[in-house]
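Summary of the model geometry
One-letter residues, chain by chain:
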Amino acid sequence: MEPGLYDSISEGRRSGKKKMAVLIDPDKVRISNIQEVLKLAVEANVDYFFIGGSLIVNNMLDQCLDSIKKLCDIPMILFPGNSFQLSYKADAILFLSLISGRNAELLIGKHVITAPYLKMSPLQILPTGYMLIDGGVPTTVSYVSNTQPIPASKDDVAMCTALAGQMLGLKLIYMDAGSGAKNPISTSMIEAVSQTINIPLIVGGGIKTPEKAYENVKAGADIVVVGNAIEKDPQLVKEIADAIHSVNLVT
Ligand code: 1GP
């Protein structure tokens with residue numbers, strides 16, 4: 001794997017420097033709104049933009065990436081809902097294997113089709129074990145992927161799944177309760193998984209408050225992802241970023 005973005009993410013884990021990613025779903029943001037979100041995200045020192053959605057039904061992906069690039073140099077990481085959501089304008093891609101599910105296409109099948117395109121691309125490839133955790137409502141991802149999420153109370157299943165992902169050589173674990181989850185992932189599950197693995201842990205889904213974001217990083221999340229809450233109230237980005245980064249100030 002190329003050095004660069006991954007090195008900075010794993011350095012964050014080693015040094016305990018916690019980071020925030022803002023999820024931008026190109027389907028949901030209008031270009032007028034995106035400018036406001038981007039401006040506030042830059043002011044808040046957000047660390048990454050994740051770009052993607054389960055379904056991208058319009059052609060806003062490239063426009064969205066162009067708008068970000070014009071405004072700032074915050075790294076743009078594709079978080080693709082399917083193999084068509086590719087753009088060379090981004091910096092990197094989460095190459096996701098849905099390890100919480102048993103759908104062979106999403107564990108390895110689509111990857112075989114996409115790999116030659118990615119090899120030709122300038123994108124940094126971030127091999128990621130993606131784990132869906134039950135967030136209290138059926139999500140688009142579980143419906144589209146035809147998989148069941150890990151039950152919210154099964155910390156041990158989450159631990160063993162993440163560990164298996166690490167042992168298979170995946171470089172990141174992303175635990176996701178799904179966009180707009182009613183219940184975000186519990187701190188006990190985050191703690192259990194973070195203590196079990198030694199690769200960076202990304203956590204997202206249903207995080208709406210600075211308090212929950214802070215609890216997550218204290219419990220061992222290395223990157224906290226927030227989408228919906230910021231789409232609804234862009235001003236929240238600063239409060240949540242400050243809560244996450246406040247952990248970095250404590251020595
Ligand atoms: C979803 O983890 C992300 O894949 C973010 O979720 O939109 O609920 O913040 P929210």
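Everything below is about the structure printed above this text.
These numbers come from a predicted model, not from an experiment.

This part covers the overall build of the chain. Broken down by element type, the chain carries ten helices and eight strands. Relative to a compact globule of 251 residues, whose C-alpha radius of gyration would be 18 Å, the chain shows 16 Å and is just as compact. Each principal axis of the C-alpha atoms in the chain carries an extent, and together these give about 45 × 45 × 35 Å. Relative to its 251 residues, the chain shows a buried fraction of 53%. Within the chain, residue pairs in contact and separated by at least 24 positions form 74% of the contacts whose partners lie at least 6 positions apart.

Here the focus is unusual backbone geometry. Here Asn-45, not a glycine, exhibits a phi torsion of approximately 60°, which is positive. Within the secondary structure, Asn-45 is located in the loop between α2 (31–43) and β2 (48–51). Phi is positive for Asn-146, which is not a glycine, with a value near 55°. By secondary structure assignment, the location of Asn-146 is in the loop between α5 (140–145) and α6 (155–167). Residue class for Asn-146 comes out exposed when judged on its relative accessible area of 67%.

A general trend in soluble globular proteins is that nonpolar side chains are found buried together. Met-20, Phe-49, Phe-50 and Met-175 are the most contacted members of the largest nonpolar core, which totals 80 residues. When residues of this core are assigned to their parent elements, the largest contribution, six residues, is made by helix α10 (residues 236–249). Sequence-distant contacts of Phe-50, that is, excluding residues within four places in its chain, are made with Ala-21, Val-22, Leu-23, Ile-24, Ile-77, Phe-79, Leu-94, Tyr-174, Ile-202 and Val-225.

Attention now goes to the side chain of Thr-139. Position of Thr-139 relative to the elements: it lies in the loop between β5 (124–132) and α5. Beyond its immediate sequence surroundings of up to four residues, Thr-139 is in contact with Ala-177 and Gly-178.

A word on a negative patch on the surface. A cluster of acidic side chains, namely Glu-36, Glu-211, Glu-215, Asp-233 and Glu-239, defines a negative patch on the protein surface. Its place among the elements puts Glu-215 in helix α8 (residues 210–219). For Glu-215, a relative accessible area of 39% puts it in the partly exposed group.

Here we come to the site of the ligand. The immediate surroundings of the ligand are formed by 13 residues, with Asp-176, Ser-179, Gly-180, Gly-206 and Gly-227 found nearest. Interatomic distance of 2.9 Å between a side-chain N/O atom of Tyr-174 and an oxygen atom of the ligand. Here Gly-227 contributes a backbone N or O atom positioned 2.8 Å from an oxygen atom of the ligand. With the chains in place, 97% of the 310 Å² that the ligand exposes on its own is no longer accessible.

Each pair of aromatic rings is reported with the distance of its centres and the angle of its planes. By the definition in use, this model includes five aromatic pairs. Ring centres 5.7 Å apart and planes at 70° place the aromatic pair Phe-79 and Tyr-130 in the edge-to-face group. Here Phe-79, found in the loop between β3 (76–78) and β4 (92–98), pairs with Tyr-130, found in strand β5; they are 51 residues apart in sequence, far enough to count as distant. Judged by relative accessible area, Phe-79 falls into the buried class, the value being 10%. Centroid distance Tyr-130 to Tyr-174: 5.3 Å. Interplanar angle 75°. Geometry classified as edge-to-face. Of the two residues, Tyr-130 is situated in strand β5 and Tyr-174 in strand β6 (residues 172–176); the sequence distance between them amounts to 44 residues. For the pair formed by Tyr-130 and Tyr-174, the shared burial category is buried.

Rules used in this analysis
Residues numbered from 1 in each chain as written. Predicted model: local features only at pLDDT ≥ 70, side-chain atom pairs only at ≥ 80, totals over all residues. Heavy atoms only, no water. Helix = DSSP H or I, 4+ residues; strand = E, 2+ residues; numbered from the N terminus. Rg over C-alpha atoms; globule rule 2.2 N^0.38 Å. Buried < 20%, exposed > 50% of the residue type's maximum accessible area, 1.4 Å probe, protein only. Contact = heavy atoms within 4.5 Å. Core = buried A, V, L, I, M, F, W, Y, C linked by side-chain atoms within 4.5 Å. Patch = residues over 30% accessible without salt bridge, like charges linked within 9 Å, V, L, I, M, F, W, Y side chains within 5 Å. Areas by Shrake-Rupley, 256 points an atom, 1.4 Å probe, with all protein chains shown as cover. Salt bridge = Lys/Arg side-chain N within 4 Å of Asp/Glu carboxyl O. Lys, Arg positive; Asp, Glu negative; His and termini not counted. Charge placed at Lys NZ, Arg CZ, Asp CG, Glu CD. Near = heavy atom within 4 Å. Polar contact = N/O pair within 3.5 Å; in protein donor to acceptor, adjacent residues only side chain to side chain. Phe/Tyr/Trp six-rings, centres within 6.5 Å; stacked < 30°, edge-to-face > 60°.

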